[in-house]
Amino acid sequence: MIRFADLLTRYDGFIFDQYGVLHDGQKQYPGAVEALGACAAAGKPVVLVTNSGRTADANAERLQRLGYDPSLFAAIVTSGDLAVDKIEALAPRAVFTIARGSEPVRGVAHPTSDAAKAGLLLIAGSEADRVSEADYRAMLEPLVARDVAALCSNPDLQMLTEDGLKPGAGQIAAWYEEMGGRVTYVGKPWPQIYEAAERALGLRSGRRICCVGDSMHHDIAGAGRAGLSSALVLTGISAALHPDDIERMTRDDGLRPTHVLRSLA
């Protein structure tokens, strides 16, 4: 185990995950504000990277409500923002959207609730804390039958809820693939979001960057694919992990964090 303070001398900039590292959606995690403040004091820029289907501005507003001053990070890069360009390029005649809540999803000009009319399936969020897997599969079945391509703008396999971990939007996309559907993913662990984050950091080529996250399959795998160092924080979805679990996942899945932190405190 290592302390976050020890990483400050080793790296020139940081890419932070949001949910599960800085907060749980309702409150800050201990030490998170202080860690960001230490980065700012040391002149080490921070970019937040999140598998959120919402915009950077919407995420910034949430962070501010949770007590995070916007000056603590250089930018927020969201999978939702990156997905807009994909949707516009596909120019679907109608989009069948699976999301969390009822607010319109950015980039979807022609929404439809009729699977027979859909030209694209957008998987932007999950309500698996109140919608069952069987219900989601029934919703997806007519789209699979019509060979409607899917775009997943939130690849998280699990999400934090008041009732514990539940299937995330990425798991719904995995069910769609399992049923025979075609899925394109935008967000962690795919490279595009890391390329955008590195540009936002504004560091010279060759500078040392560390990605801080709570997910082995998204944050740690994504950092590895991007050729960046990583620090796994044992909060969020990794809160129950034991060092033996990390070793097993490293052996079975080939995922190895550069560092492991008990928390940001």
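Residues numbered from 1 in each chain as written. Predicted model: local features only at pLDDT ≥ 70, side-chain atom pairs only at ≥ 80, totals over all residues. Heavy atoms only, no water.

Participant: Can you walk me through the sheet that holds strand β4 (residues 95-98) in this structure?
Facilitator: Each strand in a sheet pairs with its neighbour through backbone hydrogen bonds, running either in the same direction (parallel) or in the opposite one (antiparallel). Judged by pairing direction, the sheet is parallel, and its five strands sit side by side in the order β5-β4-β6-β7-β10 without closing on themselves. Looking at which strands have only one partner, the edges of the open sheet turn out to be β5 (111-112) and β10 (183-185). In this structure, strand β7 (residues 150-152) lies alongside β10, joined through three bridges in parallel fashion. The partner of L151 across the bridge, within β10, is T184. (Pairing = 2+ DSSP bridges. Helix = DSSP H or I, 4+ residues; strand = E, 2+ residues; numbered from the N terminus.)

Participant: I keep staring at the environment of T250 and nothing clicks. Help me out?
Facilitator: Within the secondary structure layout, T250 lies in helix α9 (residues 243-253). Distance from T250 to M216, taken between C-alpha atoms, is 9.0 Å for residues 34 residues apart in sequence. With sequence-adjacent residues up to four places away left out, T250 is seen in contact with M216, L255, R256 and P257. (Contact = heavy atoms within 4.5 Å.)

Participant: What exactly am I supposed to notice about the environment of K44 here?
Facilitator: Here K44 lies in the loop between α2 (32-41) and β2 (46-50). The class for K44 is buried, based on a relative accessible area of 16%. Between the alpha carbons of K44 and F14 there is a distance of 7.2 Å; along the sequence they are 30 residues apart. Polar contacts involving the side chain of K44 include one to the main-chain carbonyl oxygen of Y11, which spans 2.8 Å. (Buried < 20%, exposed > 50% of the residue type's maximum accessible area, 1.4 Å probe, protein only. Polar contact = N/O pair within 3.5 Å; in protein donor to acceptor, adjacent residues only side chain to side chain.)

Participant: What is the right way to look at α2 in this model?
Facilitator: Three- or four-residue spacings in an α-helix give side chains the same orientation, since the helix completes a turn every 3.6 residues. Listed in full, the buried residues belonging to α2 are A32, A35, L36 and C39. Along the axis of α2, the buried positions cluster into a sector of 95°, meaning they face one direction only. Among the exposed residues of α2, those oriented more than 90 degrees off its buried face are E34 and A41. Just beyond α2, the residue with positive phi is G43, at close to 70°. (Arc of directions from axis to C-beta.)

Participant: Sorry if this is basic, but what is going on with the sheet that holds strand β11 (residues 209-213) here?
Facilitator: Taken in spatial order, the six strands of this open sheet run β3-β2-β1-β11-β12-β13, and their pairing is parallel. Each end of this open sheet is capped by a strand with a single partner; those strands are β3 (75-78) and β13 (259-261). Between one strand axis and the next, the sheet turns by 25° as a mean value, whatever way the strands run. Both strand β1 (residues 13-16) and β11 contribute to a ladder of four bridges, which runs parallel. In the sheet register, F14 faces β11, and the bridge partner there is C210. Packing against the sheet, helix α8 (residues 216-225) makes contact with β11 and β12 (229-233), and its axis sits at approximately 160° to β12. (Axes fitted to C-alpha atoms, helices over the stretch in contact; angles between N-to-C directions.)

Participant: Just checking my understanding: could you explain unusual backbone geometry for this structure?
Facilitator: Backbone geometry follows two general trends: most residues other than glycine have a negative phi, and most peptide bonds adopt the trans configuration. With an omega of 10°, the peptide bond between K188 and P189 qualifies as cis. Take P189: it is sitting in the loop between β10 and α7 (191-201). The backbone of D147 shows a phi angle near 55°, a positive value even though the residue is not glycine. Summarising the element assignment, D147 is placed in the loop between α5 (133-145) and β7. Residue class for D147 comes out partly exposed when judged on its relative accessible area of 44%.

Participant: Explanation requested: the pairing of β1 in the structure shown.
Facilitator: Each regular strand shows side chains that alternate between the opposite faces of the sheet. With burial as the criterion, each face of β1 is covered, one bearing G13 and I15 and the other bearing F14 and F16. Pairing of β1 with β2 involves three bridges; the strand directions are parallel. Its bridge partner lying in β2, F16 is registered against L48. A crossover connection joins β1 to the parallel β2 through α2; in handedness this β-α-β unit is right-handed. (Right-handed = clockwise from strand over helix to strand, strands pointing away.)

Participant: Please clarify how the pattern of salt bridges should be interpreted in this entry.
Facilitator: Scanning the entire structure with this criterion turns up 12 salt bridges. Residue K188 pairs with D17 through a salt bridge whose shortest N-O separation is 2.7 Å. Linking K188 in the loop between β10 and α7 with D17 in the loop between β1 and α2, this pair joins segments that are 171 residues apart in sequence. Like K188, the residue D17 is buried in the burial classification. Between R130 and E127 there is a salt bridge, with the nearest N and O atoms lying 3.3 Å from each other. We classify R130 as exposed; its relative accessible area is 57%. Beyond isolated ion pairs, a larger network of salt bridges with shared partners links R100, E127, D129 and R130. (Salt bridge = Lys/Arg side-chain N within 4 Å of Asp/Glu carboxyl O.)

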